[in-house]
Amino acid sequence: MGSFQDRVAVVTGAAGGIGAGIVRALAAGGAHVVATDRVDGLADKVAREVGADGPRWAAVSADLAADDGADRVIGAAIERFGRLDILVNNAGGGIIRPFLDHTLETMRETVDRNLWTSVLCCRAALPHMRDAGYGRIVNVGADSVRNGLFEHAMYNAAKGGVHGLTTGLAREFAPFGITVNTVAPTGTDTPTVLSRPPDAVERYRKTVGLIPLGRFATVEEVASAVTYLASGAAGFITGQVVSVNGGTAML
Ligand SMILES: NC(=O)c1ccc[n+]([C@@H]2O[C@H](COP(=O)([O-])OP(=O)(O)OC[C@H]3O[C@@H](n4cnc5c(N)ncnc54)[C@H](O)[C@@H]3O)[C@@H](O)[C@H]2O)c1
């Protein structure tokens, strides 16, 4: 029996590199996973991660920054499994460029992807967790908020909002048995990062140069921090931003 047996988890950004790793890790622990993203072919991807012998799962396509996307996803989890124990707000991703090269559109999209998705999923999930007297919310932030990485100002503004949401919600919902934490990765070797275009190679090298452990994180290293904070064992940890950063920023 895995440590997530009979738990129900919603994972956002589940089609992406880190999201797929989180789905894999939670399902391996026995959780029923409701995976959501806004890309085509989501169900096929999730089926591959969970595996034929894995727990029951569902895939729900939605734009989580728009209208009723988050409400539909959380509603689907409750309808299918009757409860919601874990919410992993992993959807996001940067539009990384010098601040003055952003358009209003790319600035808004950065905030939509990273902050609004998290805000709206928390808003949809919290009433169910409060009524049940139990919940684990794990947001995926970014270590670049702490070290001000090159060309990350707009991304850090959005992820900094996620870090701030974490402390506020942690205090407000602690009386209901709900913990809220953030995992803040440094650069992580996802399939997209590893197939980077040539013009991103120099930035990759510069970023690795800032990491005392001398490399990017693996997807599994980020996913294991997420699953720990999502577990029953992490019940006395709330309101924290936990860096998975190879020592880039310390404290
Ligand atoms: N890979 C890294 O180096 C790194 C570093 C620090 C933080 N992060 C964060 O980790 C998380 C996962 O990153 P990743 O590298 O796997 O990125 P990714 O681009 O592979 O996956 C992110 C997923 O989020 C989804 N998404 C974005 N906006 C959405 C919306 N409005 N509605 C629904 N889905 C939406 C995308 O479709 C995508 O599948 C992100 O929040 C990212 O900002 C990544």
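Preceding block: the structure.
Residues numbered from 1 in each chain as written. Predicted model: local features only at pLDDT ≥ 70, side-chain atom pairs only at ≥ 80, totals over all residues. Heavy atoms only, no water.

Caption draft 1: Summary view of the site of the ligand. Neighbouring the ligand are 29 residues; I18, D37, Y155, K159 and T188 lie closest to it. Here G17 contributes a backbone N or O atom positioned 3.1 Å from an oxygen atom of the ligand. T188 is positioned such that a nitrogen or oxygen atom in its backbone is 2.8 Å from an oxygen atom of the ligand. For the ligand, the protein covers 87% of the area, taking 820 Å² as the surface of the free molecule. The dominant element in the shell around the ligand, judged by the number of residues it contributes, is helix α4 (residues 104-132), at three residues. Among the residues making up the shell around the ligand, the classes are represented as 11 nonpolar, 13 polar and five charged. (Near = heavy atom within 4 Å. Polar contact = N/O pair within 3.5 Å; in protein donor to acceptor, adjacent residues only side chain to side chain. Areas by Shrake-Rupley, 256 points an atom, 1.4 Å probe, with all protein chains shown as cover. Helix = DSSP H or I, 4+ residues; strand = E, 2+ residues; numbered from the N terminus. Nonpolar A, V, L, I, M, F, W, Y, C, P; charged D, E, K, R; others polar.)

Caption draft 2: Structural detail: helix α8 (residues 201-208). Among all positions in α8, only Y204, T207 and V208 are buried. Axial view of α8: buried residues confined to an arc of 95°, hence all on one face. In this structure, the buried residues of α8 make contact with α7 (191-194). (Buried < 20%, exposed > 50% of the residue type's maximum accessible area, 1.4 Å probe, protein only. Arc of directions from axis to C-beta. Contact = heavy atoms within 4.5 Å.)

Caption draft 3: Spatial organisation of helix α9 (residues 219-229). Inspection of α9 places V219, V222, A223, A225, V226, T227 and L229 among the buried residues, and these make up the whole buried set. Considering only its buried residues, α9 is in contact with α1 (17-28), β4 (86-89), β5 (135-140), β6 (178-185) and β7 (241-244).

Caption draft 4: How the structure looks around the side chain of T188. Mapped onto the elements of the fold, T188 is located in the loop between β6 and α7. A distance of 2.9 Å separates a polar atom in the side chain of T188 from the backbone oxygen of T186. The contacts of T188, once residues within four sequence positions are left out, are I18, V193, F216, A217, T218, V219 and V222.

Caption draft 5: Layout of the pairing of β4. Side chains I86 and V88 of β4 all project onto a buried face; the interleaved residues L87 and N89 project onto the opposite face, where all are buried too. Relative to β4, strand β1 (residues 8-12) runs parallel, the two being bridged by three bridges. Residue V11 lies in a different strand from β4, and its bridge partner there is V88. Pairing of β4 with β5, which is carried by four bridges, proceeds in the parallel orientation. In the sheet register, I86 faces β5, and the bridge partner there is R136. A crossover connection joins β4 to the parallel β5 through α4; in handedness this β-α-β unit is right-handed. (Pairing = 2+ DSSP bridges. Right-handed = clockwise from strand over helix to strand, strands pointing away.)

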